[in-house]
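Inside the fold
Residues per chain are reported as follows:
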Amino acid sequence: MDPFHNGNKRSSISFGSSQRQPYSKNNYLNNANGPVIATQDQGRGPSPFGMSGNTASGSNSKRNSGCDLNAAYYTNRSPMYSPLDFSPPVFSPNHAQLQQARGYTASNPVVSNLMNPSMASVCEYQAHYPLFGLDWSVDDYVCLGSYKEDSRNKLQIIHSNDLLSWDSVVEADVVYPVSRIQWAPSQLHPRKLATCSDSLRIWNVNPEERQFQEQINLSLCKYNRQHPTSTATTEDMKVIGTFPPITSFDWNTVDTNLIISSSIDTTCIVWDLQSSHYVKTQLIAHDSEVFDVRFLTKSTQLFASCGGDGSVRVFDLRSLAHSTIIYEPPSSSSSSSAPAAGTTTPSSDGSYALLRLEPSPYDPNVLATFAADSNKIIILDMRNPESPILTLEGHSSSVNEIKWHPTKRNVLLSCSDDCQVLYWDLNNSFMEINGGSVKSPGASGTPLEDTDGDTVMADGGEGSNPHEDPLSLTSSNEKQACKTLETPNMVYANRAQEINNIAWRPQRGDWFGCVSGKKFQNVRVF
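No experiment lies behind these values; they were computed from the predicted model shown.

1. A closer look at the overall build of the protein
Helix and strand counts for the protein stand at four helices and 33 strands. Carbon and sulfur atoms form 47% of the exposed surface of the protein, whose accessible area is close to 20,800 Å².

Take a look at the structure:
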């Protein structure tokens, strides 16, 4: 049972499929000759290609994580999903070596250590249940959420001092699996995080005292079922399942008292944690379910949402009577013809639903999104509405999550049911789109300001040089042709299981974490 979507729609939580599709040209470590058998790089020591997926023995061990650098990569995998089938991961060559990887032979494997050879590049933590929810804090605490189709789900906090092994710190019980987890921005003491599922909750986390407690259920407060200063009663808990499920939320990084959430009842709610009743405003955002909502970069007033109607809309809290549609699927009259480049195609049930939305942390005009059951990632620019400027088609199966890099401009990470995490550096593509010109008003060095003093930097943030921004679209009224990019810069392949979620290490972005099956894995990128 998927508590977040109707039965005829694909959930944003991907927990396997009944049948795997064979690897296509987009699986960069395979071709018709057969699989690569990775070996150790004799000149540089153990390669991450040969890392074993085995963890420390004993599933009840507190420190049930680690790295085994001695075992070679093996390729046996079942075509059916199994949470018990764990094959070791493999790190692909970089962009320049991808062409070489396609021409390998079994006797001449491609081995490339992208990391410091003296450091382990992939480490993991084994949970006792299938995982989906994931977020990484600035002090290397990771919150994991289970995905079990019953009422016995878990939230778990793990921590690492060296990123080579992980300790379980504390757990909490939840009824439904969470669809999103987010640590409170720039707040370490007291530590807080928020989750959404049947309702929107804020949690207090005290790892030193091993305490993990629900502080407030905002959905209960909205319906006057819980007083802000008291905990929920048994009677209150009985009605939680009757609320419209919360599909996603976003904690504002500028004003941490603001949270915005989306729901299947077509609405978005802006929450003010300093307000006596918490609800600041509620609006009908789409014609059907709203699957994701995000504040735009450096803004407390502007936010974007996507949903089951296949559109992306931008709102201003100071003028909610109107919204700007920056993307919508092709009309039904034109759907019978071949789809235009960059547009979404309907899923098997005829839906154009967009599941996730990711605003660029460096340019508030740029957003990334993807549709249900689609292997394409769409890059949108609000200065070029209605049509995508770029489409990423490197995955061979449904995309599950996308994340912009926290410190590198125009770098995107994506994961998919094809068991791969793809690393996209879009700077060169943006330069090709723009033809090397730097003419747009948003890149002229003048920030976009509103009357409240809420400043949105269109050139990537204070102190940056606008002439160094490759994403500077021309000011011409002509529509930018959608460019298609099929080859990523790096690939992380876990051939055993679909990768359901990803998260960057927020301090430097030198590691990312991903969950597949019952494993959390952290992978060193730089």
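Right, picking up where we left off after that structure.
2. Examining the sheet that holds strand E16 (residues 290-295)
Taking strand neighbours across the sheet as the criterion, the four strands line up as E16-E17-E18-E19 in an open arrangement whose pairing is antiparallel. The open sheet has two free edges, formed respectively by E16 and strand E19 (324-327), since each of these has just one partner strand. Across the sheet, the mean angle separating the axes of adjacent strands is 25° when strand polarity is ignored. Here strand E17 (residues 302-307) runs beside strand E18 (residues 312-316); their pairing, made up of five bridges, is antiparallel.

3. Some remarks on the environment of serine 414
Structurally, serine 414 is set in strand E25 (residues 411-416). On the basis of relative accessibility, which here comes to 0%, the residue serine 414 falls in the buried class. Each C-alpha atom of the pair serine 414 and isoleucine 402 lies 4.4 Å from the other, and the pair is twelve residues apart in sequence. For serine 414, the contacting residues outside a window of four places in its chain are Ile377, His395, Glu401, Ile402, Gln420, Val421, Leu422, Trp424 and Ile502. Side chain to side chain, serine 414 and tryptophan 424 meet in a polar contact 3.1 Å long.

4. Some points on the layout of surface pockets
Of the volumes computed, that of the largest pocket is approximately 1,100 Å³. Gln182, Thr253, Pro361, Pro406 and Pro506 are the residues nearest the centre of the largest pocket, which is lined by 38 residues in total. Going through the elements one at a time, strand E4 (131-136), strand E8 (180-183), strand E12 (246-251), E16, strand E20 (354-359), strand E24 (399-404) and strand E31 (501-504) are the ones with two or more residues in the lining of the largest pocket. A per-element tally of the lining of the largest pocket places E8 first, with four residues. Classifying every residue of the lining of the largest pocket gives 18 nonpolar, eleven polar and nine charged.

5. Let's talk about helix H4 (residues 427-434)
Listed in full, the buried residues belonging to H4 are Asn427, Ser429, Phe430, Ile433 and Asn434. Around the axis of H4, the buried residues are gathered within 160° of arc, so they sit on the same side. Within H4, the exposed residues directed more than 90 degrees away from the buried face are Asn428 and Glu432. The secondary structure elements touched by the buried residues of H4 are strand E22 (377-381), strand E23 (390-392), strand E26 (420-425) and strand E29 (483-485). In the stretch just after H4, glycine 435 is the one whose phi turns positive, near 65°.

6. Let's talk about the nonpolar core
Ile377, Ile379, Leu390, Leu392, Leu412, Trp424 and Leu426 are the most contacted members of the largest nonpolar core, which totals 23 residues. Broken down by secondary-structure element, the contributors of at least two residues to this core are strand E21 (366-371), E22, E23, E24, E26 and H4. Those residues within four positions of leucine 412 in sequence are excluded, and the remaining contacts are Ala368, Ile377, Ile379, Leu392, Ile402, Lys403, Trp404, Leu422, Tyr423 and Trp424.

7. Here we look at the sheet that holds strand E11 (residues 211-217)
With antiparallel pairing, four strands are arranged side by side in an open sheet as E8-E9-E10-E11. Of all the strands in the sheet, just E8 and E11 have a single pairing partner and so form its edges. Averaged over all neighbouring strand pairs, the angle between strand axes comes to 25°, with direction disregarded. In this structure, E8 lies alongside strand E9 (residues 191-196), joined through four bridges in antiparallel fashion.

8. Things to note about the pattern of salt bridges
Under the defined criterion, the tally for this structure stands at 22 salt bridges. When the shortest N-O distance is used, the salt bridge between arginine 524 and aspartate 510 registers 4.0 Å. Here arginine 524 is found in strand E33 (residues 519-524), whereas its partner aspartate 510 is found in the loop between E31 and strand E32 (511-516), with 14 residues between them in sequence. Each of the two residues, arginine 524 as well as aspartate 510, counts as buried. Through salt bridges with shared partners, a single network forms among Asp140, Arg505, Arg508, Asp510 and Arg524.

9. Considering the environment of glycine 133
Position of glycine 133 relative to the elements: it lies in strand E4. With relative accessibility at 1%, the residue glycine 133 sits in the buried group. Sequence separation between glycine 133 and proline 177 is 44 residues, and the spatial gap between their C-alpha atoms is 8.0 Å. Sequence-distant contacts of glycine 133, that is, excluding residues within four places in its chain, are made with Cys143, Leu144, Gly145, Val178, Ile181 and Asn501.

10. Here we look at the packing of aromatic side chains
Going through the model one piece at a time under the given rule, you end up with nine aromatic pairs. Aromatic pair phenylalanine 303 and phenylalanine 315: ring centres 5.1 Å apart, planes at 15°, arrangement stacked. Taken together, the residues phenylalanine 303 in strand E17 and phenylalanine 315 in strand E18 connect sequence positions twelve residues apart. Accessibility expressed as a relative area gives 0% for phenylalanine 303, which makes it buried.

11. Some details on the side chain of arginine 201
Here arginine 201 shows up in strand E10 (residues 200-206). Residue class for arginine 201 comes out buried when judged on its relative accessible area of 7%. There is a polar contact of 3.2 Å between the side chain of arginine 201 and the side chain of glutamate 214.

12. Side note on the side chain of serine 219
Looking at the secondary structure, you find serine 219 in helix H2 (residues 218-222). On the basis of relative accessibility, which here comes to 6%, the residue serine 219 falls in the buried class. When residues no more than four places from it in sequence are discounted, the contact partners of serine 219 are Ser199, Leu200, Phe243, Ile246 and Trp271.

13. Structural notes on the confidence of the model for the protein
Of all residues in the protein, 62% have pLDDT values of 70 or greater, and the mean over the chain is 73. Confidence over residues 1-120 falls short of pLDDT 50; this stretch has 288 contacts with residues more than four positions distant or in other chains. Across residues 436-477 the pLDDT falls below 50, and counting only partners more than four positions away or on other chains, this stretch makes 93 contacts in the model.

14. Notes on unusual backbone geometry
Despite not being glycine, aspartate 140 has its phi angle at roughly 65°, a positive value. With respect to the helices and strands, aspartate 140 occurs in the loop between E4 and strand E5 (141-146). Of note, the phi angle at lysine 298 is positive, near 60°, even though the residue is not glycine. Given a relative accessible area of 34%, lysine 298 falls into the partly exposed group.

What counts as what
Residues numbered from 1 in each chain as written. Predicted model: local features only at pLDDT ≥ 70, side-chain atom pairs only at ≥ 80, totals over all residues. Heavy atoms only, no water. Helix = DSSP H or I, 4+ residues; strand = E, 2+ residues; numbered from the N terminus. Areas by Shrake-Rupley, 256 points an atom, 1.4 Å probe, with all protein chains shown as cover. Pairing = 2+ DSSP bridges. Axes fitted to C-alpha atoms, helices over the stretch in contact; angles between N-to-C directions. Buried < 20%, exposed > 50% of the residue type's maximum accessible area, 1.4 Å probe, protein only. Contact = heavy atoms within 4.5 Å. Polar contact = N/O pair within 3.5 Å; in protein donor to acceptor, adjacent residues only side chain to side chain. 1 Å grid on protein atoms, 1.4 Å probe; cavity = no way out; pocket = protein on both sides within 12 Å on 5 of 7 lines; lining within 4 Å. Points joined across faces, edges and corners; volume = space filled by probe spheres on them. Nonpolar A, V, L, I, M, F, W, Y, C, P; charged D, E, K, R; others polar. Arc of directions from axis to C-beta. Core = buried A, V, L, I, M, F, W, Y, C linked by side-chain atoms within 4.5 Å. Salt bridge = Lys/Arg side-chain N within 4 Å of Asp/Glu carboxyl O. Phe/Tyr/Trp six-rings, centres within 6.5 Å; stacked < 30°, edge-to-face > 60°. pLDDT = per-residue confidence, 0-100.

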